[in-house]
Protein chains: 2
Amino acid sequence: MTTEEQILIAARKVFVQKGYDGARMQEIANEAGINKALLHYYFRSKDKLFEQIFTESFQLIRPAFESALGSEPDIRSFLNLFVGGYLQLLEQLPYVPQFVIQELNRDPQKLVGLIGKQKIPIESIKSMIQKEIDKGTLLPVSAEHLMVSTIALIVFPFIASPILKTVFFNQDEERYNHFIHERRDHIVNFILGAITAPKRTQNE
Amino acid sequence: MTTEEQILIAARKVFVQKGYDGARMQEIANEAGINKALLHYYFRSKDKLFEQIFTESFQLIRPAFESALGSEPDIRSFLNLFVGGYLQLLEQLPYVPQFVIQELNRDPQKLVGLIGKQKIPIESIKSMIQKEIDKGTLLPVSAEHLMVSTIALIVFPFIASPILKTVFFNQDEERYNHFIHERRDHIVNFILGAITAPKRTQNE
DNA sequence: GTCTATAACCGGATAGAC
DNA sequence: GTCTATCCGGTTATAGAC
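Only a predicted model underlies this, so the values are computations on that prediction, with no experimental measurement involved.

1. Re the interface of chain A and chain B
Next, step 1: Taken together, the contact pairs 57 residues of chain A with 57 residues of chain B.
Next, step 2: Run the count over chain A and chain B and you get 2 salt bridges.
Next, step 3: In this structure, Glu-144 of chain B and Arg-175 of chain A form a salt bridge, with 3.8 Å as the shortest nitrogen-oxygen distance.
Next, step 4: For the interface between chain A and chain B, the tally reads 12 residue pairs in polar contact (both at pLDDT 80 or more).
Next, step 5: Elements with a minimum of two residues in the side of chain A that touches chain B: helix 1 (3-22), helix 7 (96-106), helix 8 (108-115), helix 10 (143-159), helix 11 (161-167) and helix 12 (173-195) of chain A.
Next, step 6: With 13 residues, helix 10 of chain A is the largest single contributor of residues to the side of chain A that touches chain B.
Next, step 7: Class assignment for the residues of the side of chain A that touches chain B results in 32 nonpolar, 15 polar and 10 charged.

Next up, the structure:
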């Protein structure tokens, strides 16, 4: 492995764990098994190194609508695939969402500029939804609210795990893990229940 | 206003905005209109001052189930009141949730110890839910998942506003504010739709 | 490319006058 | 209680040898 790769791996670990303000170049150097001076040789400054880690982190957790959108025929299959896929991703990167959000709140101007205008293909989702609303099989629902709510349900437990462990699970690690494992099914059922139009009743 | 109160107001502002690592005693002093030495006279250290601000911030946003629980007869009215009340609270304190979560992730051991075991009366909610499940008017749902999901739907847009503005609203402040104002109704409808048992259809 | 040594600065904390 | 001046450790960044 090249030195540059070692540095990036170390920087990833330290920045994600400590945030920009809490991270120390010395700690990154130790983690990479080199010394501070070499960090500045490869990346001019703490800022430059951070920008690289932040940008790649944002890419990693930017919701990947595209893949799920192309392959799925209706909103229900799409949501099912999306929720499962995103949860699986976050299992590998549990601390990245909190890192990205924290840094975006610290310096929105600079960092939003850095990631550019990475919009989401909300129009495709809108048309997918609209068809079923017209057919009457889906309750009228805003695509923006639906997608923000879906992401909230998926991501929030990863961001807020210490507070959830405290107020809901009395610091019981075991019960919290069990909760997380049940989460996928709960979310999918929750969302589908929320947006599916009820069948007509006998009196209607 | 006493000097101590001025300091606390300034510290609140700076700590919530910048976090522990990003906050500077000098900035707090400036904000309070005094000098650094006086900060240390009133609060021994940055740590002590921070602990006070963090503890009170946690109290502020700890979900106030108790009030809504005592007064409401069924889970639907309870959720309606809870969502509305919490959103109204967060309008006044939009940056506090991200602050508390950020700090809890930075040093869970110490800060969880600080806030003690402030559990939530989940048992009252469970019994409230169970009655309606038995009657068949509510889908079987775990109280923990329901409450975590409810809080996620409420709090997430406040934590993640920069990222939402970027990927969903193309930095359009106007459209984002409109979105936030619609949010209460969406959340309540979403949750009630998700947990309400469908009426029986003609074929059953 | 990699290292040691050090410059230059910053930030929390304290001493001591008023 | 409040201030000015200062200490001291830590942090980023660079100079220069190998």
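2. Overview of the relation of the copies chain A and chain B
Next, step 1: In screw terms, the move from chain A to chain B is a rotation of 180° and a rise of 0.0 Å along the axis, fitting with an RMSD of 0.1 Å. With respect to symmetry, the two chain copies, as superposed, fit the operation of a two-fold axis. The C-alpha atom lying nearest the rotation axis in chain A is that of Ala-194 of chain A; the distance is 2.0 Å.
Next, step 2: When the interface residues of chain A are mapped onto chain B, 100% of them again lie at the interface, so the same face is used by both copies.

3. What to know about the protein's contact with DNA strand D
Next, step 1: Neighbouring residues of DNA strand D: 15 residues in total, closest Arg-24, Lys-36 and Lys-46 of chain A together with Asn-35 and Tyr-42 of chain B.
Next, step 2: Here the atoms of DNA strand D within 4 Å of the protein split so that 61% fall in sugar or phosphate, with bases taking the remainder.
Next, step 3: Residue His-40 of chain A places a side-chain N or O atom 3.1 Å away from a phosphate oxygen belonging to DNA strand D.
Next, step 4: When residues of the surface near DNA strand D are traced back to their parent elements, those giving at least two are helix 3 (36-42) of chain A together with helix 3 (36-42) of chain B.

4. Some thoughts on the protein's contact with DNA strand C
Next, step 1: The full set close to DNA strand C counts 15 residues, and Asn-35 and Tyr-42 of chain A together with Arg-24, His-40 and Lys-46 of chain B are the nearest of them.
Next, step 2: Taking the atoms of DNA strand C that fall within 4 Å of the protein, sugar and phosphate contribute 60% of them.
Next, step 3: His-40 of chain B places a side-chain nitrogen or oxygen 2.9 Å from a phosphate oxygen of DNA strand C.
Next, step 4: Considering every element that reaches the surface near DNA strand C, the biggest residue donor is helix 3 of chain A, with 4 residues.
Next, step 5: Considering only residue class, the surface near DNA strand C consists of 8 nonpolar, 4 polar and 3 charged.

5. Considerations on the packing of aromatic side chains
Residue and element names in this part refer to chain A.
Next, step 1: With the rule as written, the count across this model stands at 29 aromatic pairs over all chains.
Next, step 2: Between Phe-50 and Phe-54, the aromatic rings sit 6.0 Å apart at their centres with planes inclined by 25°, giving stacked as the arrangement. One end of the pair, Phe-50, and the other, Phe-54, are both in helix 4 (residues 46-61), 4 residues apart, so they sit about a helical turn from each other. Summarising the burial analysis for this pair, Phe-50 and Phe-54 share the class buried.
Next, step 3: Here the guanidinium or amino end of Arg-106 rests over the ring plane of Phe-50, the centre of that ring lying 5.4 Å away.

Reading the values: the criteria
- What you see as residue numbers is a count from 1 along each chain, following the sequence as written.
- Naming scheme: in the order in which they are written, chains are lettered from A and ligands are numbered from 1.
- Selection of residues for local features in this predicted model requires a pLDDT of at least 70, selection of side-chain atom pairs for listing and counting requires 80 or more, and totals for whole chains, interfaces and linings are taken over all residues.
- With hydrogens and water stripped out, all remaining heavy atoms of the structure feed into the side-chain values.
- For this analysis, residues touch if any pair of their heavy atoms sits within 4.5 Å.
- When a carboxyl oxygen of Asp or Glu lies within 4 Å of a side-chain nitrogen of Lys or Arg, that pair is called a salt bridge.
- The definition of a polar contact used here is a pair of N or O atoms within 3.5 Å, where within protein one atom must be able to donate a hydrogen and the other to accept one, and adjacent residues in sequence count solely through side-chain atom pairs.
- Think of it this way: any DSSP run of H or I at least four residues long counts as a helix, any run of E at least two long counts as a strand, and we number them from the N terminus.
- Under the convention adopted here, Pro, Cys and the residues Ala, Val, Leu, Ile, Met, Phe, Trp and Tyr are nonpolar, Asp, Glu, Lys and Arg are charged, and Gly plus all remaining residues are polar.
- The atoms used to superpose the copies are C-alpha atoms, taken from residues with pLDDT of at least 70 in both, and the fit is least squares.
- Throughout, near means a residue has at least one heavy atom within 4 Å of the molecule or strand.
- Pairs were defined over the aromatic rings of Phe, Tyr and Trp, the Trp ring being its six-membered one, requiring ring centres within 6.5 Å. Orientation was assigned from the angle between planes: stacked under 30 degrees, edge-to-face over 60, tilted for the rest.
- Type-normalised accessible area, obtained with a 1.4 Å probe on protein chains alone, sets the label of each residue: buried when under 20%, exposed when over 50%, and partly exposed for intermediate values.
- Any Lys NZ or Arg CZ that is within 6 Å of a ring centre and within 35 degrees of that ring's normal is treated as a charge sitting over the ring.

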